[in-house]
Amino acid sequence: MPELPELEIIKSRLRLTLAGRRILGATLHHPAVLKTVDPPLEALTDSHISSVSRLGKFLSLNTDNKLHLCVHLMLNGRLITIPSNQPMTRHHLLALHLDNKTDLRVAESGSKRRVAVHLVTNPQKVERIAQLGLDPLGPQFTLNRFRSALKRRNRTVKRFLTDQRAVGGIGNCYSDEILFEARLSPFQKTGALKPEESIRLFMAVKKVLADAIIRFKSLDHLPDRRDRTFLKVHNRLEQPCPVCDTPVRRVSYKESTTYYCPGCQTGGRILADRRLSRLLK
Ligand SMILES: [Zn+2]
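Notes on the structure in this doc start here.

## Concerning the sheet that holds strand 8 (residues 116–120)
Okay, step 1: One open sheet holds the four strands; their spatial order is 2-3-4-8, and the pairing between them is antiparallel. Only two strands of the sheet have a single neighbouring strand rather than two, namely strand 2 (49–55) and strand 8. Averaged over all pairs of adjacent strands, the angle between strand axes in this sheet comes to 15 degrees, irrespective of strand direction.
Okay, step 2: In the packing of helix 1 (residues 4–18) onto the sheet, the strands contacted are strand 2 and strand 3 (58–63), and the crossing angle to strand 2 comes to about 180 degrees.

Next comes the structure, spelled out in structure tokens:
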């Protein structure tokens, strides 16, 4: 799933290619993808794309007639620009036909259709956007606000980082990297964080995301999971930690799998698989 760093790059590239383009029309090939009915998709016809923005893990194409096409790519979605005369495939869910003989297409690989598209007059009408918490790249991302968000509920730091209502844009991958950078156990409770630990966590959010964005900027293509070659713990089971050489471990927790370094993050302790222990009870 693309997270904040990938989405930032996709946003910037789309801005370059789409800003000012006129939308000639739209074709919806997979009706379930469009989650809204009013305004209808035809309302985009003859509008110009004025900007592209990112809201948490949503990308929003904004038009000069005050419409916002908000797209959540979920696990396997992509936004692609291709010549309009290229045939639609079963993976192409929605096409915007542009005035330069190209289409912007919302595509999704795999058989499941999870991508969500909302056409709204105000992005705040999309529930998951209205509920978004702090944006790590936004001006409101301050240590004070971050600490207030941490204190709002006592739960694991892993849950906190991936809860879009607390911090927007971070998922399973970068939360692992952030916790490694902050030298915190994924199961550490937010309520039990010492002041210096919450500062470390705050700084780690900024550093990990900024470093990933810088790496992706040098790519000549849009980043995907194959470009996450710089990760230190995520998806690196049994590989040596770049800091202390301890093999990276993983632990299953709720719906996700978390990677961590026992040497750097848990004082050498191996975390018990919570899914497994629940099943054995
Ligand atoms: Zn380590």
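## A few points about the environment of Leu201
Okay, step 1: Locating Leu201 in the fold gives a position in helix 6 (residues 195–217).
Okay, step 2: When the C-alpha atoms of Leu201 and Leu143 are compared, they prove to be 9.8 Å apart, with 58 residues separating the residues in sequence.
Okay, step 3: Setting aside residues up to four positions removed in sequence, Leu201 forms contacts with Val157, Ala182 and Leu184.

## A short note on the sheet that holds strand 1 (residues 23–28)
Picture the strands of a sheet paired through backbone hydrogen bonds; they go either parallel or antiparallel.
Okay, step 1: With antiparallel pairing, four strands are arranged side by side in an open sheet as 1-6-7-5. The open sheet is flanked by strand 1 and strand 5 (77–83), the only strands paired with a single partner. Across this sheet, the average inter-strand angle for adjacent strands is 20 degrees, counted without regard to direction.
Okay, step 2: The sheet contact formed by strand 1 and strand 6 (residues 92–98) spans five bridges and is antiparallel. Paired with Ala26 across the two strands is Leu96, which belongs to strand 6.

## So, unusual backbone geometry
Okay, step 1: Cis geometry marks the peptide bond from Asp38 to Pro39, where omega comes out at 0 degrees.
Okay, step 2: By secondary structure assignment, the location of Pro39 is in the loop between strand 1 and strand 2.
Okay, step 3: Look at Lys66: it is not a glycine, yet its phi comes out positive at around 65 degrees.
Okay, step 4: Of note, Lys66 is situated in the loop between strand 3 and strand 4 (68–72).
Okay, step 5: Positioned with a positive phi, Arg183 is a non-glycine residue whose angle comes to about 55 degrees.
Okay, step 6: With respect to the secondary-structure elements, Arg183 resides in the loop between helix 5 (172–181) and helix 6.

Cut-offs applied
- Residues numbered from 1 in each chain as written.
- Predicted model: local features only at pLDDT ≥ 70, side-chain atom pairs only at ≥ 80, totals over all residues.
- Pairing = 2+ DSSP bridges.
- Helix = DSSP H or I, 4+ residues; strand = E, 2+ residues; numbered from the N terminus.
- Axes fitted to C-alpha atoms, helices over the stretch in contact; angles between N-to-C directions.
- Contact = placed C-beta atoms within 7 Å.

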